[in-house]
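Single-letter residue listing:
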Amino acid sequence: MTKRATTTATRRTKTSPTAPVLGVRALNRATLARQLLLRRSALDVGAAVRHLVGLQAQNVRPPYYALAARLDGFAPEELSRLMAGREIARIVTLRSTIHTHTADDCLSLRSLVRPARERELALFRRGLAGVDLDRLAALARDLVEAEPRTMGQLREALLVTWPDADPQALGIAARCLLPLVQVTPRGLWGRSGRVALTTAERWFGRPAGDTPTIDEAVLRYLGAFGPASVKDMQTWAGLTRLRDAFERLRPRLVTFRDENGAELFDLPDAPRPEPDTPAPPRFLPEFDNLLLSHADRTRVVPPRYKGRAATGNQAHRTLLVDGFLAGLWQLTDDALVVEAFGELSAAQRRDVTEEGQRMLSVLHPGASYGVRFGAVVGRAAAPAGTGRSAVGR
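Note that the coordinates shown come from a computational prediction; the quantities given were computed from them, not determined experimentally.

Another aspect to go through is the overall build of the chain. The number of helices and strands found in the chain is 15 helices and 15 strands. Taken against the 2.2 N^0.38 rule, which gives 21 Å for 393 residues, the C-alpha radius of gyration of the chain at 22 Å falls within 12% of a compact globule. With the C-alpha coordinates aligned to their principal axes, the bounding extent of the chain is approximately 70 × 65 × 35 Å. Looking at the chain as a whole, 53% of its 393 residues qualify as buried. Taking contacts inside the chain between residues at least 6 apart in sequence as the whole, the part at least 24 apart equals 69%.

This brings us to the pattern of salt bridges. All chains considered together, the criterion is met by 24 salt bridges. A salt bridge links Asp334 to Arg372, with the nearest nitrogen and oxygen atoms 3.9 Å apart. Taken together, the positions of Asp334 in the loop between strand 13 (324–331) and strand 14 (335–340) and Arg372 in strand 15 (residues 370–373) put the pair 38 residues apart, joining distant regions of the chain. Take Asp334: its relative accessible area is 46%, and that puts it in the partly exposed class. Classification of Arg372 by relative accessible area gives partly exposed; the value is 36%. Residues participating in the shared-partner salt-bridge network are Arg141, Glu145, Glu201 and Arg202.

At their nearest, the axes of helix 12 (residues 214–225) and helix 13 (residues 230–237) sit 11 Å apart, and the two run at 95° to each other. By the angle class used here, helix 12 and helix 13 are roughly perpendicular. In this structure, helix 12 contributes Ala217, Val218, Tyr221 and Phe225 to the contact, and helix 13 contributes Asp232, Met233 and Trp236. By residue class, the composition of the contact of helix 12 with helix 13 is 6 nonpolar, no polar and 1 charged.

Another point: the sheet that holds strand 13. As summarised here, the arrangement of the 5 strands in space is 9-12-13-14-15, forming an open sheet in which the pairing is mixed. Both edges of this open sheet fall to strand 9 (282–284) and strand 15, since each of them pairs with a single strand only. On average, each strand axis in the sheet is tilted by 30° relative to the strand beside it, whichever way the strands run. Where strand 9 lies against strand 12 (residues 318–321), 3 bridges are found, and the strand directions are antiparallel. Among the inter-strand pairings, Phe283 is bridged to a residue of strand 12, identified as Leu319.

Another aspect to go through is the packing of aromatic side chains. If you walk through the whole model with that rule in mind, you get 9 aromatic pairs. Where Tyr64 meets Trp189, the ring centres are 4.9 Å apart and the plane angle is 45°; that geometry is what we call tilted. Note that Tyr64 is positioned in helix 4 (residues 62–70) and Trp189 in the loop between strand 5 (180–182) and strand 6 (196–199), a separation of 125 residues in sequence. Grouping residues by exposure puts Tyr64 and Trp189 together as buried. Where Tyr305 meets Phe341, the ring centres are 4.9 Å apart and the plane angle is 55°; that geometry is what we call tilted. Of this pair, Tyr305 sits in the loop between strand 9 and strand 10 (310–311) while Phe341 sits in the loop between strand 14 and helix 15 (346–363), placing them 36 residues apart in sequence. The class for Phe341 is buried, based on a relative accessible area of 13%. Put simply, the rings of Tyr64, Tyr65, Trp189, Phe283 and Trp329 touch in pairs and so form one group of aromatic residues.

Glancing now at the environment of Glu355. Secondary-structure assignment places Glu355 in helix 15. The buried category is assigned to Glu355, whose relative accessible area is 7%. Glu355 sits 74 residues away from Pro281 along the chain, and the two C-alpha atoms are 6.5 Å apart.

Attention now goes to the sheet that holds strand 5. Sheets are built from strands paired through backbone hydrogen bonds, the pairs being either parallel or antiparallel. Reading across the sheet, the 6 strands line up as 1-3-2-5-6-4 and stay open at both edges, with antiparallel pairing between neighbours. Because the sheet does not close on itself, it has two edges, and the strands there are strand 1 (55–56) and strand 4 (149–150). Direction of pairing for strand 4 relative to strand 6: antiparallel, over a ladder of 2 bridges. Of the residues in strand 6, the one forming a bridge with Thr150 is Ala196.

Cut-offs applied
- Residues numbered from 1 in each chain as written.
- Predicted model: local features only at pLDDT ≥ 70, side-chain atom pairs only at ≥ 80, totals over all residues.
- Heavy atoms only, no water.
- Helix = DSSP H or I, 4+ residues; strand = E, 2+ residues; numbered from the N terminus.
- Rg over C-alpha atoms; globule rule 2.2 N^0.38 Å.
- Buried < 20%, exposed > 50% of the residue type's maximum accessible area, 1.4 Å probe, protein only.
- Contact = heavy atoms within 4.5 Å.
- Salt bridge = Lys/Arg side-chain N within 4 Å of Asp/Glu carboxyl O.
- Axes fitted to C-alpha atoms, helices over the stretch in contact; angles between N-to-C directions.
- Parallel < 35°, antiparallel > 145°, perpendicular 65-115°, else oblique.
- Nonpolar A, V, L, I, M, F, W, Y, C, P; charged D, E, K, R; others polar.
- Pairing = 2+ DSSP bridges.
- Phe/Tyr/Trp six-rings, centres within 6.5 Å; stacked < 30°, edge-to-face > 60°.

Next comes the structure, spelled out in structure tokens:
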């Protein structure tokens, strides 16, 4: 037997068939508890962003809606204050997508998930023929550290050196090679601003921190998204071959099985509430990490609703009822419109209305929105989250 085969056989032996089984509802409640969605948390904004290992932020508003659903007493001005004060920023990290992270994570986590950006860069190599990537990175750094630049401005400046290159590929290369943060006022609640970029080191005024180890990342992931499989974390991080890290940590973790027999790892003292623990409705933004951070998403997305949370690459704002995906929502000129995928009981409609009114009072105080059930207005033409009256973009 080869060494590789022996290792594989050993791993199979460690996956005990007697490990406790966690059903879908048990996994749902555990994940909601880690995500601060089962009970709103008293954590401050900075601590919550760190605990959640960042917030998905392709658009400006989602981090605010995400925190409004998770934190007790949240005020959007607090996240804006931390961003303006350079304690939190928007940067490309996990899965090579934009996330809102603490300064420490901006300066360290990005290097850990570099492979996802390398894969993205490989898709554009044809447009970079003849381009010295080391020189491009150095030149782009000098440009954005001299003054924040838009991606268009950066591309134009790089084209002077490489006039035959594909402009889009030059911009992608700069984004993949450098830790580019979006400077404020972009990202502030109720403010507008074009995307202008500088390096994380220049924005935060200090050098990049030490890259966290894979083992440290596993523990943070489980704290925010567990119990989870190796494949789940690989999906979240955009990484591969994480099995060895989980094996190293096995003595420090507890293991379970899901209903299909997949092995799940978890922190021993992490919350795992009873499956029948009540889960209040929650209004989540488009691209919320709750729906994107597991290979098997049935702990949140019922199989019959698979694919309903997005149209193509455009994710919709989602509604949780009893902890599971149950519909979409959108703000129109005068109402928060809820489209449930199935029939809601009178009590559920009452709870959804109450939660919707609470969300509106936090993020849109003084606005005269009502809560209405029905088809999401204009969804075919403008997916949820792009409505013109959804304030705060």
